[in-house]
Amino acid sequence: GFGGTFFFFFLPASGLARVLRLKQESQSAIMDSFKKGWFSETSEQWPGQAQSLEVEEVLYTGKSDYQDVFFAKTKTFGNMLALDGAIQVTERDEHAYQEMIAHVPMFSHPNPKRVLIIGGGDGGVLREVLKHPQVEEAVQCEIDKDVVELSKKYLPHMAASYSHPKARVHIGDGFKFMEDHPSAFDVIITDSSDPIGPAATLFQKEYYQKLKAALKPGGIVCSQGESFWINLALVQSMHEFSRSLYPVVGYCWSSVPTYPCGQIGYFLCSLNPDTKFSVPLREIDQAEIDAMQLKYYNPAVHRASFVLPEFARKALAP
């Protein structure tokens, strides 16, 4: 989860007395009192700024074995999932993230038959991966079973992928799963939270070594790559150590309004020295785009996503 993050609800003055009366009650009761309040995401990673969404209804609040889990119906972004106080997904803009982290690597591989997804318990990345007819098996490895089960209830459009015949769900640790499956996957996608607390290990060289060992020859990995507005030093570090492990490394990005600064990046690494990430190896036409029900990804966006603003381009230049 996003260790170090937390959230507030801001209420009009008329609601303040009620909040004070309830402050000694359970977390669930307090959350219930904020149905008409505002959810605000703050973190030591982005000091001095916050992302806020107006909440119409608290759908669920609780604590799993690993993190605080919160689902709410927002006024303008549909249902939202937050873990440890950090927004993971909203129904309105989830496609801008799910489609890019899935389709850029999938369309960069000539024949992705076996795919592994680390994290992504909401099911969104799995949904997109399964749109590729080449896929014979897509394995979802998520450590928190509560996120999987609750997403089926509160994010059904995303979690419907769990019932797909080609999908296999493994509840457990991603590191261990990869160690037990060497040279097994054509594509591995890491849909992780931010680099605070336990998730910090997913942004280190050791993790990328384990990813490499779990790939088949010519395999590709794609991982959540943070924001170049907030984490440029980390992006630089990851780019540097990835280039020491893989012959081809790329970085692309997409616009996701409810993520900090509205931008998120993706790291791509390939064991095939001929891979050119910025050019789709398999290109779909408009009929296929419509059939796949894509809202963000298309071949032109694929190419454009690798064009970086000058400060980021210089930071990642060889």
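First, a word on what this report is: a plain description of the structure on this page. Residue numbers run consecutively from 1 along every chain, following the written order of its sequence. Thresholds applied to this predicted model are a pLDDT of at least 70 for local features of residues and 80 or more for the giving and counting of side-chain atom pairs; totals over whole chains, interfaces and linings are not thresholded and use all residues. No hydrogens and no water enter the side-chain calculation; it runs on all heavy atoms of the structure.

Looking at the environment of Ser244
Looking at where Ser244 falls in the secondary structure, it is placed in the loop between helix 9 (232–243) and strand 12 (248–255). For Ser244, a relative accessible area of 48% puts it in the partly exposed group. As for Ser244 and Lys205, which are separated by 39 residues in sequence, their C-alpha atoms are 9.4 Å apart. Going along the chain from the N terminus, every DSSP run of H or I of four or more residues is numbered as a helix, and every run of E of two or more is numbered as a strand. Classification of residues uses two cut-offs on accessible area relative to the type maximum, computed with a 1.4 Å probe and protein chains only: under 20% is buried, over 50% is exposed, and between them is partly exposed.

Here's the deal with the layout of surface pockets
Of the voids in this model, the second largest pocket is the one considered here, and its volume is about 210 Å³. The pocket and cavity definitions rest on a 1 Å grid over protein atoms only: a 1.4 Å probe that fits but cannot leave marks a cavity, an open set with protein on both sides within 12 Å along at least five of seven lines marks a pocket, and residues lining either have an atom within 4 Å of a point. Lining the second largest pocket are Glu94, His95, Glu99, Arg127, Glu128, Lys131, His157, Met158, Ala160, Ser161, Gln293 and Lys295. For the lining of the second largest pocket, the elements supplying multiple residues, two or more each, are helix 3 (94–106), helix 4 (124–129) and helix 6 (156–159). It is helix 3 that provides the largest number of residues to the lining of the second largest pocket, a total of three residues. Basically, the charged four are Asp, Glu, Lys and Arg, the nonpolar ten are Ala, Val, Leu, Ile, Met, Phe, Trp, Tyr, Cys and Pro, and anything else, Gly included, counts as polar. Residue classes in the lining of the second largest pocket are distributed as two nonpolar, four polar and six charged. Grid points are joined across faces, edges and corners, and a volume is the space filled by probe spheres set on the points.

Some points on the pairing of strand 5 (residues 79–83)
Consecutive residues of a regular strand have side chains that alternate between opposite faces of the sheet. Counting buried positions over the five residues of strand 5 gives five, a clear majority of the element. In strand 5, alternate side chains face the same way, and those of Asn79, Leu81 and Leu83 on one face and Met80 and Ala82 on the other are all buried. Here strand 4 (residues 68–74) runs beside strand 5; their pairing, made up of five bridges, is antiparallel. Residue pairing for strand 5: Ala72 is matched across the bridge by Met80. Only strands joined by at least two bridges in the DSSP assignment are considered to pair. In textbook terms, the turn of a hairpin is the stretch between consecutive antiparallel strands, and for strand 4 and strand 5 this stretch comprises four residues, one of which, Gly78, has a positive phi near 70°. Two elements, strand 5 and strand 6 (residues 86–90), share four bridges in a ladder whose sense is antiparallel. Note on strand 6: the bridge partner recorded for Leu81 is Val89. In sequence, strand 5 turns back onto strand 6 through a hairpin of two residues, with Asp84 there showing a positive phi of about 50°.

Structural notes on unusual backbone geometry
Excluding glycine, residues mostly carry a negative phi; peptide bonds, for their part, are mostly trans. Positioned with a positive phi, Asp84 is a non-glycine residue whose angle comes to about 50°. Unlike most non-glycine residues, Ser183 shows phi in positive territory, near 50°. For Ser183, the position within the fold is in the loop between helix 7 (174–179) and strand 10 (185–191).

Some details on helix 3
Given a helix with a known number of residues, its expected span is that number minus one, times 1.5 Å. The first and last C-alpha atoms of helix 3 sit 18 Å apart over 13 residues, in line with the 18 Å expected at 1.5 Å per residue. Met100 marks where helix 3 bends most, by close to 25°. With 13 of 13 residues buried, helix 3 is to be regarded as a mostly interior element. Values of bend correspond, residue by residue, to the angle between axes fitted over the seven residues ending at that residue and the seven starting there.

Here's the deal with helix 5 (residues 145–154)
Looking only at helix 5, the buried set comprises Val147, Val148, Leu150, Ser151 and Tyr154. Its side-chain oxygen at 3.1 Å from the backbone nitrogen of Asp146, Asp144 defines the N-terminal cap of helix 5. Identification of polar contacts relies on pairs of N or O atoms within 3.5 Å, with a donor-acceptor requirement for protein atoms, meaning one able to donate a hydrogen and the other able to accept it, and with residues adjacent in sequence counted only if both atoms are side-chain atoms.

So, the environment of Phe177
Here Phe177 shows up in helix 7. Residue classification places Phe177 among the buried residues on the basis of a relative accessible area of 4%. Separated by 61 residues in the primary sequence, Phe177 and Leu116 place their C-alpha atoms 9.9 Å from one another. Here a residue-residue contact requires only that any non-hydrogen atoms of the pair lie within 4.5 Å. Filtering out sequence-adjacent residues up to four positions away, Phe177 remains in contact with Leu116, Val139, Cys141, Arg168, His170 and Phe185.

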